[in-house]
Amino acid sequence: MSQYVLKIVSRCDLSCDHCYVYEHADQSWRRQPHTMSPRTVAAAGRRIAEHATAHRLDVVRVVLHGGEPLLAGAAGLAAVANELRRRLDPVTRLDLRMQSNGVLLTEEIAEVLVTHSVAVGISLDGDRAANDRHRRYANGASSHERVLRALALLRRPEYRPSFAGLLCTVDLANEPVSVYRALLAEDPPQIDFLLPHANWDRPPPRPSGAATPYADWLLAVHRAWTADGRPVPIRLLDSLLATAAGGTTRTEAVGLAAADLAVIETDGSYEQVDSLKSAYDGAPATGLDVFRHPVDAVAAHPMIAVRQSGLDGLCATCRACPVVRRCGGGLFAHRFRAGSGFDNPSVYCPDLLYLVHGVSGGPDAPADTGAEPDVLDPAVLDDLGTGYGTETSVRQLTEVHLAKTRALLVALSPATAGHPFAGPAWDRMVELDVTAPAAVADVLGHPFVRRWAHRCVRTPALADLGRLAAVAAAAAIRAGVPGDLDVPLRDGVLSLPTLGALHWPDATGPVTVTAVAGGFRARAGGRTVTVPVGGVPLPPEPLGVDAPSGGPVRLRPEPAGSGEPPRGAAPPPGWRPARRTEDPAVLIEDLDPYRDSYQDLPVAPRLSPVAAVRWAAQLTAAVRRIDTTAGGYAPGVRGLLRAVVPLRPDRRGRHRSATAASAFGAVAITPVPDDAALAELLVHEVQHLKLAGLLDVCELVDRDDTRLLTVPWRADPRPVEGVLHGTYAHLAVADVWRRRPGPEAAARHRRYRDWTLDALDALHGLGVLTAAGRRFTAGMRATLHGWS
């Protein structure tokens, strides 16, 4: 271990209401001596020195901390610094620092700091109004004037070497750019912004309807800082830029660098990082001390070992996230939740995800791609830019979709606390994500789970939080993990995503659901039914339909995750199983309550068995046709298409289809006459899915540009992102018709090809494409020219 925090004083002269030492869960400060004794300082110095010697450490950082370390006075500080230098200077380079509120800084103390090469960071939250929200004396008096006086002292040439920088805690009530300007006015060598300490049991305040307010706040600072030419290092933002370029982080708040810090309290006890005091009483304790235990014993402590294990120390949700190497799961303390401990994403997960994306969109994003290295491989941008897309590229888009859905659930999770259905459901999801991650991923990959979560985050006042219980129950059933969950009915229906729906109109109150072998058991109002999810009787074999391209097509219900139900078990009369084709494995989604996502296109009701088999036959034949006649689009269709939503027939007889960005993986389609027409629509709509997945992580157009373009395929002018969507889809449709025989196919090919070329010219002429967008559309143009 190479970093230590030495708590030389355990009391403070201010009474900041956001202080994790005095105002949060851990209250061990009450049991500590007011100051660290010379004997304890000597023992701490000896332990640090022996560890540096044994491990041949080139540099050791020690931060004098509190409480407020300036309460030790000039003489006390000099004695501590002298003892540490006496012990450590002969064996390593000592980087000696101090963190202070600054109000007691005097010239005498400044002389001590310079003499002993102590660099001091000062806590300041902005101008007087911003700083006084929290950093006040116990009697309510302002500390701002005294802090500014301390900063003026540190700016003097003789004391400037001891000025390390400013530390600011984010408060959404403070205007971010004004805070940044106030800090910048103090001419600091460095600025650091901290998210207020919070966790799942004590979540940070969030304005209603704001999904990522802390990211929004920090990105406002980032924009102003970038516009100013980055006149001063900002540790958090610099660390995100560094990890984007493959470098290392300078803060434990982001990135995967091993945390090698120990705290030594005023009584000589070793503790873990002291931000853990915000989790629960006793959270940082190790049971070790400098008098009896070497530093190696601290490094071996299980909780510290977890913080040194990088990716392996994160929860399954974080490990699966495409930005994990940049975010790093956030600050360890911010992951805490009673029951699951620290094996969770950060309570700031949505903010961190958005912040990573926002920072990488600045000048430090790679200029040749405009893409984020940890989110989108540049080769994927080039591959999809051709209009086609390999299995590898498609897989990355599905991983991004899953990460987006997880982030939405994390954003919802604070609202689940105390909710009668969502609270236990969230706990179950957290548990299953560790014990049965594949089952969780299967359910979260369902397009309309994301659609539901998206609606809840966008409109909190109308959030259907009870739906989380259905999501958790579906994951538990797929995993075969028993345990009761209360799931509310919606209009007398128990709807379980990916599995089916149980109509129970006479039930009152919620249904208690638990997984059993091959299915689940549901109880309500004194009645119990068992639903054999994996073995619902299907229509007799003669009902099967041969696909036009050959071979029988079978329609099967979605299997559960553990075995089959007992032989002869029949589902209750109200059970409607989800139907899925064998090849490709696609849901024919006519049950999910959130499938009505396509504006003026009404979804069809539950299909009859005969109609369902016909849909399955046509779908299977269409995908086989794509495999054989438009193979470049097959990986996208097979890899991204999770569900087909039957629409009601168009009243004017048109063939209609649609996708929704928030229902990634689903395509809605009206009935069509044959598999050839369906193949064209599938290729068309999967292009929209591919582009929506790209736009989730990569800026291709300037979204602030509100100009409209007139395109040949629409009467109304379109926004530039909509034009790019249509252009990408028509590129593929032109290719489909290029491969079909006959003069009508040739005419259609020319029409779609010309539309695509004209739209590409218009997009380039308008100047709305980003560097990534220009690279992407260059690939599309190369494909068009290749046909010639």
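Before reading further, recall that the structure is shown in the block above.
Definitions and cut-offs
Residues numbered from 1 in each chain as written. Predicted model: local features only at pLDDT ≥ 70, side-chain atom pairs only at ≥ 80, totals over all residues. Heavy atoms only, no water. Helix = DSSP H or I, 4+ residues; strand = E, 2+ residues; numbered from the N terminus. Rg over C-alpha atoms; globule rule 2.2 N^0.38 Å. Buried < 20%, exposed > 50% of the residue type's maximum accessible area, 1.4 Å probe, protein only. Contact = heavy atoms within 4.5 Å. Pairing = 2+ DSSP bridges. Axes fitted to C-alpha atoms, helices over the stretch in contact; angles between N-to-C directions. Polar contact = N/O pair within 3.5 Å; in protein donor to acceptor, adjacent residues only side chain to side chain. Core = buried A, V, L, I, M, F, W, Y, C linked by side-chain atoms within 4.5 Å. Parallel < 35°, antiparallel > 145°, perpendicular 65-115°, else oblique. Nonpolar A, V, L, I, M, F, W, Y, C, P; charged D, E, K, R; others polar. Salt bridge = Lys/Arg side-chain N within 4 Å of Asp/Glu carboxyl O. Expected span 1.5 Å × (residues − 1). Arc of directions from axis to C-beta. Phe/Tyr/Trp six-rings, centres within 6.5 Å; stacked < 30°, edge-to-face > 60°. Lys NZ or Arg CZ within 6 Å of the ring centre and 35° of its normal.

*Asks:* In this structure, what is going on with the overall build of the chain? I would like to understand it.
*Replies:* Per the secondary structure count, the chain includes 25 helices and 26 strands. Relative to a compact globule of 788 residues, whose C-alpha radius of gyration would be 28 Å, the chain shows 30 Å and is just as compact. Taking the principal axes of the C-alpha coordinates as reference, the chain spans close to 95 × 70 × 50 Å. Looking at the chain as a whole, 58% of its 788 residues qualify as buried.

*Asks:* Would you mind showing me how to read the side chain of Asp26 here?
*Replies:* Along the chain, Asp26 turns up in the loop between strand E1 (3-7) and helix H1 (38-54). Residue class for Asp26 comes out buried when judged on its relative accessible area of 1%. Once residues within four sequence positions are removed from consideration, Asp26 is found in contact with Val21, Lys277, Tyr280, Asp281, Gly282, Ala283 and Pro284.

*Asks:* Could you clarify how one ought to interpret the pairing of strand E15 (residues 527-531) in this entry?
*Replies:* Where a strand is regular, its side chains alternate between the two sheet faces. Bridging between strand E14 (residues 519-524) and E15 involves five bridges; their strand directions are antiparallel. Residue pairing across strands places Arg521 opposite Thr530, the latter belonging to E15. In this structure, the hairpin formed by E14 and E15 is closed by a connection of two residues, where Gly525 is found at a positive phi of approximately 55 degrees.

*Asks:* Is there a simple way to think about the environment of Pro350 in this case?
*Replies:* Among the structural elements, Pro350 can be located in helix H13 (residues 349-360). According to the relative accessible area criterion, Pro350 is buried, its value standing at 7%. Separated by 54 residues in sequence, Pro350 and Lys404 place their C-alpha atoms 9.0 Å apart. Here Pro350 is in contact with Ala211, Thr212, Ala407, Val410 and Ala411, once residues within four sequence places are set aside.

*Asks:* Any chance you could explain the sheet that holds strand E11 (residues 493-496) here in plain terms?
*Replies:* Strand-to-strand pairing in sheets goes through backbone hydrogen bonds, with the strands running parallel or antiparallel. Pairing is antiparallel across the open sheet formed by three strands, whose spatial order is E11-E12-E19. Only two strands of the sheet have a single neighbouring strand rather than two, namely E11 and strand E19 (575-577). Pairwise comparison of adjacent strand axes, ignoring direction, gives a mean angle of 10 degrees for this sheet. Looking at chain direction, E11 and strand E12 (residues 500-503) are connected through four bridges and run antiparallel. Across the sheet, Leu494 pairs through a bridge with Leu502, a residue of E12.

*Asks:* Explanation requested: the side chain of Asp735 in the structure shown.
*Replies:* In this fold, Asp735 is placed in helix H23 (residues 720-738). Setting aside anything within four residues of it in sequence, one finds Asp735 in contact with Tyr388, Tyr633 and Trp787.

*Asks:* What is the right way to look at the environment of His18 in this model?
*Replies:* Its place among the elements puts His18 in the loop between E1 and H1. Taking the C-alpha atoms as reference points, His18 and Thr169, 151 residues apart in sequence, are found 9.1 Å from one another. The contacts of His18, once residues within four sequence positions are left out, are His24, Asp125, His134, Arg135 and Thr169. Within the structure, His18 has its side chain in polar contact with the side chain of Asp125 (distance 3.5 Å).

*Asks:* For this particular structure, what's the right way to read the nonpolar core?
*Replies:* One broad rule of soluble globular proteins: the nonpolar side chains tend to lie buried together. In terms of nonpolar packing, the biggest core is built from 164 residues, with Leu6, Val62, Leu64, Phe193, Trp452, Phe520 and Tyr598 touching the most fellow members. Top element by residues in this core is helix H19 (residues 467-479). It accounts for 10 residues. Once residues lying within four places of it in the same chain are set aside, the contact partners of Leu6 are Met36, Ala44, Val62, Val63, Leu64, His65, Val80, Leu84 and Ile264. In this structure, Leu689, Leu700, Trp737 and Leu763 belong to the second largest nonpolar core, which totals 69 residues.

*Asks:* What exactly am I supposed to notice about the packing of helix H14 (residues 378-385) against helix H25 (residues 771-787) here?
*Replies:* Packed helix pairs are characterised by how far apart their axes lie and by the angle those axes make with each other. H25 packs onto H14 with a crossing angle of 40 degrees between their chain directions and a minimal axis gap of 7 Å. With respect to each other, H14 and H25 are oriented oblique. Where H14 abuts H25, its residues Leu381, Asp382, Leu384 and Gly385 lie against Ala772, Arg775, Phe776, Gly779 and Met780. Partitioned by chemical class, the residues of the contact of H14 with H25 number five nonpolar, two polar and two charged.

*Asks:* Would you take a moment to explain the pattern of salt bridges for this structure?
*Replies:* Two side chains of opposite charge can pair, provided their charged atoms sit close to one another. Applying the stated rule across the entire model yields 46 salt bridges. In this structure, Asp696 engages Arg450 in a salt bridge whose closest nitrogen and oxygen atoms are separated by 3.0 Å. On the criterion of sequence distance, the pair formed by Asp696 in helix H22 (residues 675-697) and Arg450 in helix H18 (residues 447-458) is long-range, its members being 246 residues apart. On the basis of relative accessible area, Arg450 is assigned to the buried category, the value being 7%. The salt bridge involving Arg638 is made with Asp583; its shortest N-O contact spans 2.7 Å. Placement of the pair is Arg638 in helix H21 (residues 634-640) and Asp583 in the loop between strand E20 (579-581) and strand E21 (587-588), with a sequence separation of 55 residues. On the accessibility criterion, Arg638 (35% relative accessible area) is partly exposed. Exposure remark for Asp583: the relative accessible area of 38% places this residue in the partly exposed category. Overlapping salt bridges, with partners in common, bring together Asp26, Glu265, Glu271 and Lys277 in one network.

*Asks:* I'm lost on H25 in this one. Help?
*Replies:* Each α-helix turn comprises 3.6 residues. Residues three or four places apart therefore point the same way. The end-to-end C-alpha distance of H25 is 25 Å, a good match for the 24 Å that 17 residues give at a rise of 1.5 Å each. Looking only at H25, the buried set comprises Ala772, Gly773, Phe776, Thr777, Gly779, Met780, Thr783, Leu784 and Trp787. One side of H25 carries all its buried residues, which in axial view fall inside an arc of 140 degrees. Facing away from the buried surface of H25 by more than 90 degrees, the exposed residues are His785 and Gly786.

*Asks:* Help me understand the packing of aromatic side chains, please; the structure alone is not making it clear to me.
*Replies:* Two numbers describe a pair of aromatic rings. These are the distance of the centres and the angle of the planes. The full count for this structure, using the stated rule, is 12 aromatic pairs. Judged by centre distance (5.1 Å) and plane angle (80 degrees), the ring pair of Tyr214 and Tyr348 falls under edge-to-face. In this pair, Tyr214 sits in helix H7 (residues 213-227) while Tyr348 sits in the loop between helix H12 (324-327) and H13, placing the two residues 134 residues apart along the sequence. In terms of burial, Tyr214 and Tyr348 fall into one category: buried. Ring geometry for Trp713 and Trp755: centres 6.1 Å apart, planes at 45 degrees, overall tilted. In this pair, Trp713 is assigned in the loop between strand E25 (708-709) and strand E26 (718-719) and Trp755 in helix H24 (residues 743-766), connecting sequence segments 42 residues apart. Taking the relative accessible area as the measure of exposure, Trp755 reaches 18% and is therefore buried. Joined through ring pairs, the aromatic side chains of Tyr280, Phe332, Phe336 and Phe342 make up one cluster. Just above the ring of Trp225 sits the side chain of Arg230; from NZ or CZ to the centre is 5.0 Å.

*Asks:* What is the right way to look at the sheet that holds strand E5 (residues 163-169) in this model?
*Replies:* Here we have nine strands laid out as an open sheet, ordered E6-E5-E4-E3-E2-E1-E7-E8-E9, and mixed in their pairing. Taken across any chain shown, the strands that pair with only one partner, and hence form the sheet edges, are strand E6 (191-194) and strand E9 (285-289). Along the sheet, successive strands turn relative to each other by an average axial angle of 25 degrees, direction set aside. In this structure, E1 lies alongside strand E7 (residues 261-264), joined through four bridges in parallel fashion. Bridge pairing links Gln3 to Leu261 in E7. The sheet strands contacting helix H2 (residues 73-88) are E1, strand E2 (59-65), strand E3 (93-100) and strand E4 (118-123), and the helix crosses E3 at an angle near 155 degrees.

*Asks:* What should I look at first to understand H7 in this one?
*Replies:* The end-to-end C-alpha distance of H7, which contains 15 residues, comes to 21 Å, matching closely the 21 Å that a straight helix rising 1.5 Å per residue would cover. Among the 15 residues of H7, 11 are classified as buried, and the element is accordingly described as predominantly covered. Inspection of H7 places Pro213, Tyr214, Ala215, Trp217, Leu218, Leu219, Ala220, Val221, His222, Ala224 and Trp225 among the buried residues, and these make up the whole buried set. The inward-facing, buried residues of H7 contact helix H6 (176-184), E6, helix H8 (235-244) and H13.

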